[in-house]
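# Inside the fold
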Amino acid sequence: MSDEIKHECGLAFIRLRKPFSYYQQKYGTVLYGLNKLYLLMEKQHNRGQDGAGMATVKLDVEPGYPFLHRIRSAANQPIADIFSQIGKEIEEIEKYQPDIKSHPGLMKGHVNYLGELLLGHLRYGTQGKNNADFCHPFIKRHTIPARNLALAGNFNLINTEELFSLVNIDPGVFQRQSDLAAMMEVVHHFLVQADEASPGNLDIAQVLRKAVPLFDGGFNFSGLIGDGTSFVTRDPHGIRPSYYYISDDVIVAASERAAIRTAFNVGENEVLELMPGTALIVDPEGNYSIKTIVEPKERKACSFERIYFSRGNDEKIYRERSALGYHLSEPVLKLINYDLKNTIFSFIPNTAETAFYGLLKGAQDYLNKTKIERILSWGNDFDEEKLAEMIGRNVRMEKIAIKDVKLRTFITEDSSRNEMVQHVYDITYGTLRKNIDGLVVIDDSIVRGTTLKESIIRMLARLSPTRIIVVSSSPQIRYPDCYGIDMSKLGDFIAFRAAIELLKDEGRESILETLLEKCKELQRNNQLHTENVVKQVYGSFTPEQISAKIAQLITPKEINIPIDVIYQTIESLHLACPTNLGDWYFTGNYPTPGGNRVVNKAFMNFMEGKNVRGY
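Notes on the structure in this doc start here.

Conventions adopted
Residues numbered from 1 in each chain as written. Predicted model: local features only at pLDDT ≥ 70, side-chain atom pairs only at ≥ 80, totals over all residues. Heavy atoms only, no water. Axes fitted to C-alpha atoms, helices over the stretch in contact; angles between N-to-C directions. Helix = DSSP H or I, 4+ residues; strand = E, 2+ residues; numbered from the N terminus. Parallel < 35°, antiparallel > 145°, perpendicular 65-115°, else oblique. Contact = heavy atoms within 4.5 Å. Nonpolar A, V, L, I, M, F, W, Y, C, P; charged D, E, K, R; others polar. Core = buried A, V, L, I, M, F, W, Y, C linked by side-chain atoms within 4.5 Å. Buried < 20%, exposed > 50% of the residue type's maximum accessible area, 1.4 Å probe, protein only. Salt bridge = Lys/Arg side-chain N within 4 Å of Asp/Glu carboxyl O. Patch = residues over 30% accessible without salt bridge, like charges linked within 9 Å, V, L, I, M, F, W, Y side chains within 5 Å. Areas by Shrake-Rupley, 256 points an atom, 1.4 Å probe, with all protein chains shown as cover. Lys, Arg positive; Asp, Glu negative; His and termini not counted. Charge placed at Lys NZ, Arg CZ, Asp CG, Glu CD. Pairing = 2+ DSSP bridges. Disulfide = S-S within 2.5 Å. Polar contact = N/O pair within 3.5 Å; in protein donor to acceptor, adjacent residues only side chain to side chain. Expected span 1.5 Å × (residues − 1).

Their axes nearest at 10 Å, the elements helix α2 (residues 32-42) and helix α3 (residues 78-96) cross at an angle of 170°. One finds that α2 runs roughly antiparallel with respect to α3. Along its contact with α2, which presents L34, L37, Y38, M41 and E42, the element α3 presents I79, F83 and I86. Here the residues of the contact of α2 with α3 are counted per class, giving 7 nonpolar, no polar and 1 charged.

Here is the structure:
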């Protein structure tokens, strides 16, 4: 994704099912759980680089001794910072007890973060400020173990204000900025109620059945409770991903299947998907169960997970991204009039590489078919040289662009900053024939178009291609997201700006005021959640018309090279990613009513000139 957006978060949960002495004997280290948590977090660092945190709970601790510990960091490399601090704690202990690692019981007693229950989190700051206070896990402490709670997750909630009122809490400044704070208050409220009703006999499934239906959003969150109970649960639409693995030694959950497979060296079928609306629950003895918490609804798993967010080393995701590129080969071939001899294919940025291979395969399949037809048409009229030339034809590809390390500048004036932005990417000179070759570049998605206009198009133009075709492996992003991705301002979207320009071209921009009044009326009647009014902005235009206008908007004034934009179709997206049909940012079909409220508020903010999020 050439336009940077903040998105997602990563979750890592481990429950050790054996004593620490077992891991020392079998794996050679009492730090087995911590090492695996580090791996799980590091293998998901793509999901959050604004901060990280972890919490641990120790089992069977004598009364009066701490059993819940937490550490968080918003440092430049937060995962490394957290585990470096833990390592220093162990080194300090070893100064006085050099052989302590040979004594698992002593290690557990002296090392704060050596617990049987471990919860790690990677954060992208979709809400709140980017400091350690906003990093998960959040914790609630109490003298009664069963009322201690550590909570972390990958989610956005749309109804935080309502949640605070449900539990009769007047949120402070900090709490208002964090949807996890709202979730924490609700879960803890029912947790305390459950412990009061039946002390020492906690039924966490019942707690979750009271709390989870109140949450409007997409979520995968996990909790550790001071009595040794733990859980991981997922929203009823399956919007946010959740996977788990269970063996005699451990119970593990994470946001990505590939992270678990790598950290524990297990096969694909050994890592299972936590189904929508269910919870993986582990009791204090280490026994587990999968329970339905809320009735599952229509599956709307986020398609952006497959297009871009999740790491591409998962075999299914790899195949799906390749298919996304393959489906784009036909419209690209039509646009270049099937002139593969004078066309170079490439990709920007590196995360689009897998889709690029699919695009190449589609073009190569066409070329191979053409070769066969040509050779058959010759009959016996060919010689070795002619045949070799035909067989040797291939789709031309080059590494056109290189993304440099993030440029920083001491200059604050806008004109100078724009000059710096142009150099985020650099080109490989001499990769195409000037004024002869056309250039096709594929991106994961085009969100704002800013980087394309200010950097990529200008950079590619230096190579003097006859035309530039920008291909997006995702459809047009038209609507805000509110379930874990920081895309909440309509005015940021190049597709929305293109639709506005088309309305102006036709002299129909007055429809915007009409739609604003409709939104205000819905708001007055508390009906803002009932329909997506913004669909009408796009209603009279074809995707091709919007793509053509986008091409105009991303073309710098000084560039005279023809620019075209091709987007994935919704139909091809569903074919490529058949189990992840959550596409509300493309179609406006939100899985929960809160989504309609967010898109309508975002439109009202845009019309009123308010540069704030829609939720």
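Back to the write-up after that little detour.
Of all hydrophobic cores here, the largest spans 76 residues; its most connected members are F304, L460, V537 and F603. Looking at this core element by element, the count peaks at 8 residues for helix α17 (residues 494-505). Membership of the second largest hydrophobic core comes to 39 residues, among which are A12, Y243, V252 and A254.

This part takes up the pattern of salt bridges. On inspection of all chains with the given rule, the structure shows 32 salt bridges. D365 is paired through a salt bridge with K361; the nearest N and O atoms lie 3.3 Å apart. Taken as a pair, D365 and K361 lie in helix α13 (residues 353-378) at a separation of 4 residues, close to a single helical turn. D365 sits in the partly exposed class, given a relative accessible area of 29%. The partner of R508 in a salt bridge is E506, and the shortest N-O contact between them spans 2.9 Å. Residue R508 is classed as partly exposed on the basis of its relative accessible area, which comes to 29%. What you see here is one network of salt bridges that share partners, running through R47, R240, E256 and E305.

What follows deals with a negative patch on the surface. Negative charge collects at one region of the surface, where D381, D383, E384 and E385 lie side by side. If you trace the backbone, D383 turns up in the loop between α13 and α14 (384-391). Residue D383 is classed as partly exposed on the basis of its relative accessible area of 43%.

An order of β3-β2-β4-β1-β10-β9-β11 is seen for the 7 strands of this open sheet, with the pairing classed as antiparallel. Each end of this open sheet is capped by a strand with a single partner; those strands are β3 (68-73) and β11 (272-273). The pairing of strand β9 (residues 243-246) with strand β10 (residues 250-254) spans 4 bridges and is antiparallel. In the strand pairing of β10, Y244 is matched with A253.

Let us look at the state of the cysteines. Tallied over the entire structure, the rule returns 0 disulfides. Between C482, a cysteine without a disulfide, and C302, which holds the nearest cysteine sulfur, the sulfur-to-sulfur distance is 11 Å. With relative accessibility at 0%, the residue C482 sits in the buried group.

Tracing the backbone shows A182 in helix α7 (residues 179-197). On a C-alpha basis, the gap between A182 and I82 in space is 26 Å, while along the polypeptide they are 100 residues apart. Ignoring any residue separated from it by four or fewer positions in sequence, one finds A182 in contact with T160, L163 and F164.

Looking now at the environment of R47. The residue R47 is located in the loop between α2 and β2 (51-57) in this model. Distance from R47 to D365, taken between C-alpha atoms, is 35 Å for residues 318 residues apart in sequence. A distance of 3.4 Å separates a polar atom in the side chain of R47 from a polar atom in the side chain of N154.

Along the polypeptide, T278 turns up in strand β12 (residues 278-282). Classification of T278 by relative accessible area gives buried; the value is 8%. A polar atom in the side chain of T278 sits 2.6 Å from the backbone oxygen of M275. Residues in contact with T278, not counting those within four places in the same chain, are V232, T233, R234, I290, K291, T292 and I293.

Let us look at helix α16 (residues 450-461). Between its first and last C-alpha atoms α16 spans 16 Å; for 12 residues at 1.5 Å apiece the expected length is 16 Å, and the two agree. For α16, the buried fraction is high: 9 of the 12 residues fall into the buried class. Along α16, the positions that sit buried rather than exposed are T451, L452, S455, I456, I457, R458, M459, L460 and A461.

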